[in-house]
Structures are given as C-alpha cells and as structure tokens.
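An overview of the molecular structure
Here is what each chain is made of, one letter per residue.
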Amino acid sequence: MYNAAIIGVSGFGDTHYRDLKHGVEAGRWNILGATVINQAEEVEKCDWLKEQGTVLYTDWQLMLDELAGKVDICFIPTGINMHAPMSIAAMRSGANVFVEKPAAATVQEVIEMQRVVNETGKFVAVGYQFIYQPDVAQVKQILIDGKLGKLVSIKSKALWSRDSIYYNRNGWAGKLNVNGAWVLDSQFNNANAHFLNVMNFLVGQTFSAAAEIKSCYAELYRAHAIESPDTACLRATAENGVKLYFFGTHACFENSAIDLVIRGELGTVEWRYFGDDDIKVTLNDGTVESYPQTPATEYRQHVMAALETRLINPDTLICDLNIAGEQTLWNNGAYESSAVNQLNETDFTVDDDGERIKVEINNISDIIDQSFEQGKMFSELNVPWAVKGTEVDLSSYKQFDGGKI
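Residues numbered from 1 in each chain as written. Predicted model: local features only at pLDDT ≥ 70, side-chain atom pairs only at ≥ 80, totals over all residues. Heavy atoms only, no water.

What follows covers the pairing of strand β5 (residues 96-99). Consecutive side chains of a regular strand alternate in pointing toward one face of the sheet and then the other. The side-chain alternation of β5 yields two buried faces, one formed by Asn96 and Phe98 and the other by Val97 and Val99. As paired strands, strand β4 (residues 73-76) and β5 are joined by four bridges and run parallel to one another. Residue pairing in the sheet places Ile73 in a bridge with Asn96 of β5. As for the winding sense of the linkage, the β-α-β connection from β4 through helix α4 (residues 80-92) to β5 is right-handed. For β5 and strand β6 (residues 124-126), the ladder comprises three bridges, and the chain directions are parallel. Across the sheet, residue Val99 finds its bridge partner in β6, namely Val126. (Buried < 20%, exposed > 50% of the residue type's maximum accessible area, 1.4 Å probe, protein only. Helix = DSSP H or I, 4+ residues; strand = E, 2+ residues; numbered from the N terminus. Pairing = 2+ DSSP bridges. Right-handed = clockwise from strand over helix to strand, strands pointing away.)

With that out of the way, let us pick up the pattern of salt bridges. All told, the structure shown has 21 salt bridges when counted by the stated rule. A salt bridge links Arg28 to Glu308, with the shortest nitrogen-to-oxygen separation between them at 3.0 Å. Taken together, the residues Arg28 in the loop between α1 (13-25) and β2 (29-35) and Glu308 in helix α9 (residues 299-312) connect sequence positions 280 residues apart. Residue class for Glu308 comes out buried when judged on its relative accessible area of 11%. (Salt bridge = Lys/Arg side-chain N within 4 Å of Asp/Glu carboxyl O.)

What you see with strand β15 (residues 279-283) is a clean split: Ile279, Val281 and Leu283 sit on the buried side and Lys280 and Thr282 on the side with no burial. With four bridges joining them, β15 and strand β16 (residues 288-291) adopt antiparallel strand pairing. By the bridge assignment, Thr282 is partnered in β16 with Val288. As consecutive antiparallel partners, β15 and β16 are separated by four residues, and within that stretch Gly286 has a phi angle of approximately 95 degrees, a positive value.

What follows concerns the side chain of Asn331. Inspection of the secondary structure assignment puts Asn331 in helix α10 (residues 321-337). Residue contacts for Asn331: discarding those within four places in its chain leaves Ala105, Leu184, Ser186, Phe188 and Asn189. (Contact = heavy atoms within 4.5 Å.)

As enumerated under the stated definition, the model contains 18 aromatic pairs in all. Look at Tyr17 and Trp48: their rings are 5.8 Å apart centre to centre, the planes differ by 85 degrees, and that puts the pair in the edge-to-face class. Here Tyr17 is found in helix α1, whereas its partner Trp48 is found in helix α2 (residues 43-51), with 31 residues between them in sequence. When sorted by exposure, Tyr17 lands in the same class as Trp48, which is buried. Through pairs of rings, three or more aromatic residues link up here, namely Phe130, Trp160, Phe195, Trp271, Tyr273 and Tyr299. It is Lys101 that lies over the ring of Phe12; its NZ or CZ is 5.8 Å from the centre. For the cation-ring pair, Lys155 lies above Phe372, with the distance from its terminal atom to the ring centre recorded as 5.0 Å. (Phe/Tyr/Trp six-rings, centres within 6.5 Å; stacked < 30°, edge-to-face > 60°. Lys NZ or Arg CZ within 6 Å of the ring centre and 35° of its normal.)

This is the structure we're talking about:
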C-alpha cells in the first residue's frame, strides 16, 4: 500500500481526490494527510477523509513537516504560482510529487525543481495526462521506428469555450501575475497546454524524451476581460528541425474536437482528440493504418497506474520535468515574442445572460481552421486585428523576466 498526501480537494483538486479515493477503495492507497483550507465548503470530502484516518490540515507546510519521511507521493493540484514552491517543499520532506500541469510558470522554477530532484533523489510527475496513455505511447513508437520517415511538422488546434465563471473560479485564473509571482495562465498554459506538451513529447528523438525547443514565434490576443491571452497562434522549431504549431482560443461560443496532425516525409498521422475516430496513419504509398484512441474514461487509471509503477521501477515513463519543462520554455518564449494584444470591441461578440459572460472573436473558427491547414500565423493570413510577433532564440534561455508583458 502506498501513502499519499494531498494539497487541495476543490476545483481540479477534486480529480486528484477522486483518483486517491478510488485507490483507497481498491486497497492500494492510504491518505495520511490532506490540506483543505475550505473545510466548511467540502464537508462531505472531509468527513470521508476523516473516516479513513486522514489528518486534515489548513497549512500545507505544517502537513509536510508533520508527515516528513512518511509520504510516498504528495499530490499538488493547486494554482500555477504554487507548483514550484510546494513541489520543492514536498521533495525536501521526503515525498515524491505528482503536480498538476503546467510544471511551473517559469523556466527558472523548473530548473530549481530539477535541482531539488537531483538533490533529494525524488521524482516529480506532472499531470499532463495524455503522456501516460497507451495510444500516445503507440504513436510515439511509430515515429521512433521511422514509419513516417524524417519528421517535418506537427500541429494542433483547439477551440474550447470558456466563460466568466471559468475565469472567476479562483484568484489566479486569467492572471499573468499574483502577488509578485508569475502565473502566466492562458489557454496554452492551462487547459490546452496538454497539446503543446504532447507535441513536444511526440517529436522527441527517443521514446522517453521530448523535443528540445530552440526557437519560437507567437501572436497573443485577448477578448475576455482578463490579463492573460485567451487566443494564440504559436510556432516553434525543435532541435531536429521539426516545426511545431498550435492554434487555439477560449474566445468562442462552442467547443470543437481537438485536431493533431503529424507530417513526415513518408506519410502523416491524423488524430482527433475526444472524437470518435481512430488515429489514422496514411503513408505515401497508399497504406492506411488505424489505431484506437484510449477512451477518456480510462485516462486517470493509466495516470495512477504509472505513478504506482514508478514508485517501484525508475524506468517507468512519467511526464517528468524534462518533458514538461519544454512546454514551460515554449510558454515563456511566447511572451518574449508577443505582447498580449487586446482586441477591439468590434472584433468580437459578447453573450451575457446575466449569470455568465461568453465571448467569441468574429470568424475565429474559420481563422483557426485556415491557420491550421496552411501552417500560417494570423498575421500571415492578413487577419485585420493580427499583430506580428518576433522570432525568439531559446537555445540558451534560462530566465523569464516578463518578456513583452
């Protein structure tokens, strides 16, 4: 049986709580401690935890101090600005870490986290859940085996609607900085960060490594009444020359399936996340192969299985800091490339029903579709409100100080 601690059970912390609850019920996990600062709002969860013998805390550092040396993994589903300090403290208390994505807001925090990994011998697994799935491993092996030949590009697009309730759900959503600490919340550093991360991973030249990002270009925009960008087009170049593209927005009224396309000299992989289609591999000689997607209902069990296996086998693939850190690098580089450009009120439509406010940039679905198909930035399509960014060299980038914010 494995011993856990958890910091936070609300918001996305509910997912981590339920993961552990299933583990407890299966007889695999024991939750020694839980930090719940809003216990009056989480009575049912707190009652269940106390029934299991879990000690409840309102101070996460006190919990780590009192449970030092007793915890196998500390689960950290907290705000982005707290990922690094909590992960570092947990490792120094003797615990391994499962921290929600992204790994941290800045590259310097990831570097410090990795230093503490080396210092303590503990591991940090990051909650980019796709990395833990069998279908991702299968596609990665196809690429490693050279079935597509030399890789040329990988691109994804994501239109996920988010409203004012989403941005008002906590004290850091939609923020760039909170109390002097970088957050850099955005659709490409939070909800859609999964797709930057999985692209980085798939393009990596060995099975367990992500691609090293050498340069990037970005155009960042916002239509919602927030600090951070809700819409972006990003391009990066990996050390092996592969081009990576992301086109995404939260400023839309409807969600769409997430498309991902990998192009090599010998063929392509087409992947529609959360759709019903199989993953399709099409080779230039006309050969077509299909592979099933991992059902979303199975995502979390694969995550937990990987964490459990990693505790006894250090060769187990997890989304470690070397993989997740490339997404943080790309994220920081985006703000070096582009300011966050506020759109004019004439460029978007507002739907306010009195309870929540939704925003949609005019024609954003068509714009993103064109960008995705052509591999072009918004400014290259001559979108009227588009503002060009600059190409940024990230080959020796170690410190984020605000970029063009």
